[in-house]
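Structural features, examined
Chain residues, written in single-letter form:
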Amino acid sequence: MSLFKDWINVLKEPESFYSRSDISDGASYPLKFAAVMIVISASIKSITIGLSYSNIITLGRTFQGSLLLRFLTEAGSFAPQGAATLIFFDALIGGLLLLFFEGAIIYLFVKIFGGSGSYMSTVSAIAFYTALSPIMALSSVLPFGAIITGIVQFYGIYIVTRGVEQYNSMKFSMALLAVLAPLILSFIFGFTFAIGANLAVN
């Protein structure tokens, strides 16, 4: 398989791509695809964000997604020249761990909504979603980057849903519910926690 051709096909025709791919081949190729996409995305982030020491210090104090980055910047324990390397490995490790974590969560809802696939088939479906990772990494430095990222993420939901549908033998509607359920629950829990925290402060 050609990684570049598959990258284009995932972005252009995810339904056709998933229907043509053979899940019986196992998860090795999807994971290889995801690893390449995450490495590219991490490289872009390390270049675009790691522009100066002052930017990294500001980022580390405000970027809630990485405890490692926050700890190191608050402690002042790395030099400016190491900033890009730190961001690269932070994005790389975080991206790979997130792939398996999201796979586990979505797989739980796949079983709830009647899917017949395995955990690794679900991870494989999500792995091809990483085709969007380089685009989202680039959008962070583009005008209206937040809007672009939001649009890309919505399209990502469609890509993952098509993968879950094909790889877990589900109807599209049930696959969509399996993908959206974790997002909806996390929003509800986050909203409830925010209200509770606000009431506790007041």
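Residues numbered from 1 in each chain as written. Predicted model: local features only at pLDDT ≥ 70, side-chain atom pairs only at ≥ 80, totals over all residues. Heavy atoms only, no water.

Attention now moves to the overall build of the protein. Helix and strand counts for the protein stand at 10 helices and 0 strands. Ordered by position in the sequence, the α and β elements of the protein form the string α-α-α-α-α-α-α-α-α-α. Split into buried and exposed, the 202 residues of the protein put 39% on the buried side. Taking the intrachain contacts of the protein between residues at least 6 apart in sequence as the baseline, contacts between residues at least 24 apart amount to 66%. (Helix = DSSP H or I, 4+ residues; strand = E, 2+ residues; numbered from the N terminus. Buried < 20%, exposed > 50% of the residue type's maximum accessible area, 1.4 Å probe, protein only. Contact = heavy atoms within 4.5 Å.)

Moving on, we get to helix α1 (residues 3–12). Of the residues making up α1, those classed as buried are Asp6, Val10 and Leu11. The arc that holds the buried residues of α1, viewed along the axis, is 135 degrees, so those residues lie on one side. Counted as exposed and oriented over 90 degrees from the buried face of α1: Phe4, Lys5 and Lys12. (Arc of directions from axis to C-beta.)

As a further point, take a nonpolar patch on the surface. A contiguous nonpolar patch, built from Ile184, Leu185, Phe187, Ile188, Phe189, Phe191, Ile195 and Leu199 and spanning about 840 Å² of accessible area, is present on the exposed surface. As for its position among the elements, Phe187 is in helix α10 (residues 172–201). When its relative accessible area of 59% is taken as the criterion, Phe187 is described as exposed. (Patch = residues over 30% accessible without salt bridge, like charges linked within 9 Å, V, L, I, M, F, W, Y side chains within 5 Å. Areas by Shrake-Rupley, 256 points an atom, 1.4 Å probe, with all protein chains shown as cover. Salt bridge = Lys/Arg side-chain N within 4 Å of Asp/Glu carboxyl O.)

Glancing now at the nonpolar core. One finds Phe128, Leu132, Val160 and Val164 to be the most contacted residues of the largest nonpolar core, which totals 32 residues. Residue assignment for this core shows that the elements contributing at least two residues are α1, α2 (14–20), α3 (28–49), α6 (83–112), α7 (119–127), α9 (145–167) and α10. With 6 residues, the top contributor of residues to this core is α9. Among all residues touching Val164, those that are not within four sequence positions of it are Ile106, Val110, Ala125, Ser169, Met170, Ala175 and Val179. Core analysis: the next-biggest nonpolar cluster, separate from the first, contains 5 residues, Ile38, Ala42, Phe88 and Leu92 among them. (Core = buried A, V, L, I, M, F, W, Y, C linked by side-chain atoms within 4.5 Å.)

Looking now at the packing of α7 against α9. Packed helices, taken two at a time, are described by the angle their axes make and the gap between the axes. It is at 8 Å that the axes of α7 and α9 come closest, and there the two elements cross at 150 degrees. Classified by the interaxial angle, the pair formed by α7 and α9 is roughly antiparallel. In this structure, α7 meets α9 at a crossing whose hand is right-handed. Contact with α7, carried on its side by Ser121, Ser124, Ala125 and Ile126, involves Val160, Gly163, Val164 and Tyr167 of α9 and no other residues of that element. (Axes fitted to C-alpha atoms, helices over the stretch in contact; angles between N-to-C directions. Parallel < 35°, antiparallel > 145°, perpendicular 65-115°, else oblique. Left-handed = near helix turned anticlockwise from the far one by under 90°.)

Once the charged atoms of two side chains with opposite charge are near each other, the side chains can pair. All chains considered together, the criterion is met by 2 salt bridges. With a closest N to O distance of 3.5 Å, Glu15 and Arg162 form a salt bridge. Placement of Glu15 in helix α2 and of Arg162 in helix α9 is noted, with a sequence separation of 147 residues between them. With a relative accessible area of 39%, Glu15 lands in the partly exposed category. Among the residues examined, Arg162 registers a relative accessible area of 12% and is labelled buried. Between Glu165 and Arg162 there is a salt bridge, and its shortest N-O distance comes to 2.9 Å. Placement of the pair is Glu165 and Arg162 together in helix α9, with a separation of 3 residues, close to one helical turn. In this pair, the class of Glu165 matches that of Arg162, namely buried. Each of Glu15, Arg162 and Glu165 takes part in one network of salt bridges that share partners.

The subject of this paragraph is the packing of aromatic side chains. The tally for this structure, following the rule as stated, stands at 10 aromatic pairs. Measuring from centroid to centroid gives 6.3 Å for Tyr29 and Phe128, while their planes differ by 45 degrees, and the two rings are tilted. Taken as a pair, Tyr29 in helix α3 and Phe128 in the loop between α7 and α8 (133–139) lie far apart in primary sequence, 99 residues in all. Judged on exposure class, the residue Tyr29 and its partner Phe128 are both buried. (Phe/Tyr/Trp six-rings, centres within 6.5 Å; stacked < 30°, edge-to-face > 60°.)

Locating Ser133 in the fold gives a position in helix α8. Residue Ser133 is classed as buried on the basis of its relative accessible area of 14%. Contacts of Ser133, omitting those with residues within four sequence positions, involve Met37 and Ser41.

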